[in-house]
Amino acid sequence: ASSSSAQKSWRSGRGGAMMFAFVSPLEIVNQTVVLIVVVVIVAMMIRHWDKVMVAVTGDDRLHGTVLDLIYFLFFQCCGTCTGDWTRSWTRRCCCCCGDKIR
């Protein structure tokens, strides 16, 4: 009786160590094809780096200095801030100045 109950628990999926996770062959083929496509795309981007740069930035070189990086990181919050935070400062600090300066 105990062997039949162990066999039933294995078939129902409650067998613990007897249960194996089977991977679908189609999933393996799919992941392999995606990996090959990504590797080919990255290889083409590396090989034609100058053309990729022109397509992305409009120029074949990156232009920037350390001060540009600091401005981008701290004053534009990595590109998420448009600079509207300066309006509240100039409104308070420059109240004696005319609207022409602000």
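Just so it is clear, the model here is predicted, and its values are computed rather than measured.

Draft legend 1. The overall build of the protein, seen in detail. For the protein, the count of helices and strands is five helices and zero strands. Going residue by residue from the N terminus, the α and β elements of the protein occur as α-α-α-α-α. Split into buried and exposed, the 102 residues of the protein put 1% on the buried side. Approximately 9,500 Å² of the protein is accessible, and the part contributed by carbon and sulfur atoms is 66%.

Draft legend 2. Structural context of the environment of Asp-68. For Asp-68, the location among the structural elements is in helix H4 (residues 66-75). Residue classification places Asp-68 among the partly exposed positions, given a relative accessible area of 45%.

Draft legend 3. Fine view of a nonpolar patch on the surface. Nonpolar side chains collect at one region of the surface, where Val-66, Leu-67, Leu-69, Ile-70, Tyr-71, Phe-72, Leu-73, Phe-74 and Phe-75 lie side by side and expose about 920 Å² of accessible area between them. With respect to the helices and strands, the residue Phe-74 is situated in helix H4.

Definitions and limits used
Residues numbered from 1 in each chain as written. Predicted model: local features only at pLDDT ≥ 70, side-chain atom pairs only at ≥ 80, totals over all residues. Heavy atoms only, no water. Helix = DSSP H or I, 4+ residues; strand = E, 2+ residues; numbered from the N terminus. Buried < 20%, exposed > 50% of the residue type's maximum accessible area, 1.4 Å probe, protein only. Areas by Shrake-Rupley, 256 points an atom, 1.4 Å probe, with all protein chains shown as cover. Patch = residues over 30% accessible without salt bridge, like charges linked within 9 Å, V, L, I, M, F, W, Y side chains within 5 Å. Salt bridge = Lys/Arg side-chain N within 4 Å of Asp/Glu carboxyl O.

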